[in-house]
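Geometric and topological summary
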Amino acid sequence: MNPFEAPPPENPTLSLLLDTIRARRPQADLTMVKLAYEFAHDAHEGQVRKSGVPYIIHPLCTAITLAEMNMDPTVIIAGLLHDVPEDTEITIEDVEKNFGKDVAHLVAGVTKLGKIKYRGIERYIENLRKMFVAMAEDIRVVIIKFADRLHNLHTLDHLAPKKQYRIALETLEIYAPIANRLGMGDMKGQLEDMSFKYVFPKEYAWTRGLVEERYEKKEAYINEICGVLEKELTATGIKFRSVHGRLKRLYSLYLKLLKHDKNIEKINDLVALRVIVDDISDCYATLGIIHKLWRPLPGRIKDYIAQPKPNGYQSLHTSVFCEQGQIVEFQIRDHQQHLNAEYGIAAHWAYDETDSSDSSRQIKWVRELAAVGDAMSRLKDLENLKIDIFQNRIFVFTPKGDVIDLPENATPVDFAFAVHTQIGNQCAGSRVNDRIVSLDQPLKSGDVIEIIVDKSKKGPSADWIKFVKTNHAKSCIKQFSKRSITDWLKMALPNRGN
Ligand code: MN
């Protein structure tokens, strides 16, 4: 059980990537992976990361993470190429010509997502999460983006503190909750712990200190308990895949401490014991054996197999009075449930090798999600999400990358008023994706909009009312025309009233 962050490989190479794939997919044809590496290597030639290392190290580490998650070569190739269109002369069309439509589609998706930036504006959080998933369209894009972000977090020390904070906060507020919703427990945990350090440095140091103090003692103790249980399982004839300790993730421990008077003595699952068996009936048999060995705490038996958590998580949990009266939490699940708990939706992709046709890849992410677990509540939630996004709303960007949420067919004028009333009032023109467009042109999700402001302008044009879509813009325009009539009257009749 390794406690804290697992760092990226110290000296990543193409052969490490190939070995990582081969270990999980001995049959995979790696020709295209090698070509993609060469392609990315040449494209990024001469570029360095802020840390001073050659740029190629970053996409390579991203691809290795994807390989560790058992993603197929298409996803790994897209991981290698993910920064090529954004940072080099090479275009998406070039990627498509060399690596096909599917890879190009994934790379384009990752590039598009890269535009989204979260700047800590509270009211945008939920929109941003929704948009992140909606814009990705293909869940594999989200998975690549997670792997990309993970490596960026590992190299965050080389950036300016303000940027570190922004990226870490964005990870904590946007990426980690999405990973959680997708059932990707391992990814969520890594993203959170890596960001924790930068967003709450004092709290991080405090939590880590608490754990380090207790960790060594606990480790020896847990190993002893593992031994006792393994012996008993063997004697009973239950085949187990592994019995091991797992240390609670720092950020989730911190959140739990906040709920328990910051008293670590009240946390029973600082170190939990995980038992992985072959099938569900062995899960229940193992629970019985644990309860025969040690007395369970009342009210602490949780059957998440019969009643999975909303994100699909399945396991049996119990806490018992172990040797020397210490309380230990056990988590019991079968192999497939374990993969689902660690990789969530990615586990589904990883092991579904029978479906590799292009059309099956087009399956909507909502249906993919439904396949991971049977949690109906989650399915409903996501269907609402989909309807909400695709039927009514679009998400567009300011030139700085802030997200503005607008109704379908909204125009640059709606955008201008959504950003600020003053900008709406002085709006004189607009650029959409660097092209000048008329003020009544309908916007699309993902557009970057810049409003050209005329400071000498006193107010909005009355005829904008004919095409604006938001109530906010409408009422601003009406209000202004009303006010200007009054102003005009005042000017025309200066001695009226007082
Ligand atoms: Mn990247």
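None of these values were measured; they are calculated from a predicted model. (Residues numbered from 1 in each chain as written. Predicted model: local features only at pLDDT ≥ 70, side-chain atom pairs only at ≥ 80, totals over all residues. Heavy atoms only, no water.)

The protein atoms that coordinate the manganese ion are His58 (NE2), His82 (NE2), Asp83 (OD) and Asp148 (OD), at distances spanning 2.2 to 2.3 Å. Here the donor residues of the manganese ion share one chain and are spaced in sequence as H-x23-H-D-x64-D. You can see His58 sitting in helix α3 (residues 57-68) and its partner His82 sitting in the loop between α4 (73-81) and α5 (84-87), a full 24 residues away along the chain. (Donors = N, O, S within 2.8 Å, 3.2 Å for Na, K, Ca; no water. Helix = DSSP H or I, 4+ residues; strand = E, 2+ residues; numbered from the N terminus.)

Below, the discussion takes up the sheet that holds strand β10 (residues 435-437). Strand order in the open sheet formed by three strands is β10-β9-β11, with antiparallel pairing between adjacent strands. The two strands at the open ends of the sheet, each matched to only one other strand, are β10 and β11 (449-453). Pairwise comparison of adjacent strand axes, ignoring direction, gives a mean angle of 35 degrees for this sheet. Note: strand β9 (residues 427-432) against β11, five bridges, orientation antiparallel. Residue pairing in the sheet places Arg431 in a bridge with Glu450 of β11. Across the face of the sheet, helix α19 (residues 412-419) comes into contact with β9, β10 and β11 while running at roughly 80 degrees to β11. (Pairing = 2+ DSSP bridges. Axes fitted to C-alpha atoms, helices over the stretch in contact; angles between N-to-C directions. Contact = heavy atoms within 4.5 Å.)

Attention now moves to the nonpolar core. Grouped together as the largest cluster of nonpolar side chains are 102 residues, with contacts concentrated most on Leu17, Leu81, Phe146, Met184 and Phe330. With 10 residues, helix α11 (residues 201-236) is the single largest residue contributor to this core. A domain split of this core shows at least three residues from each of domain 1 (14-197) and domain 2 (202-344). If we skip the residues at most four places from it in the chain, Phe330 touches Ile225, Leu229, Leu273, Val275, Ile290, Trp294, Leu316, His317, Thr318, Val320 and Cys322. Ranked by size, the runner-up nonpolar core spans 22 residues in total, among them Leu406, Leu439, Leu443 and Trp464. (Core = buried A, V, L, I, M, F, W, Y, C linked by side-chain atoms within 4.5 Å. Buried < 20%, exposed > 50% of the residue type's maximum accessible area, 1.4 Å probe, protein only. Domains from an automatic or database assignment.)

Let's shift gears to the confidence of the model for the chain. The predicted coordinates should not be examined in detail at positions where pLDDT is low. Per-residue pLDDT for the chain averages 83, and the proportion of residues at 70 or more is 82%. Contacts of residues 351-391 to residues separated by more than four positions or lying in other chains number 57 contacts, the stretch itself having pLDDT below 50. (pLDDT = per-residue confidence, 0-100.)

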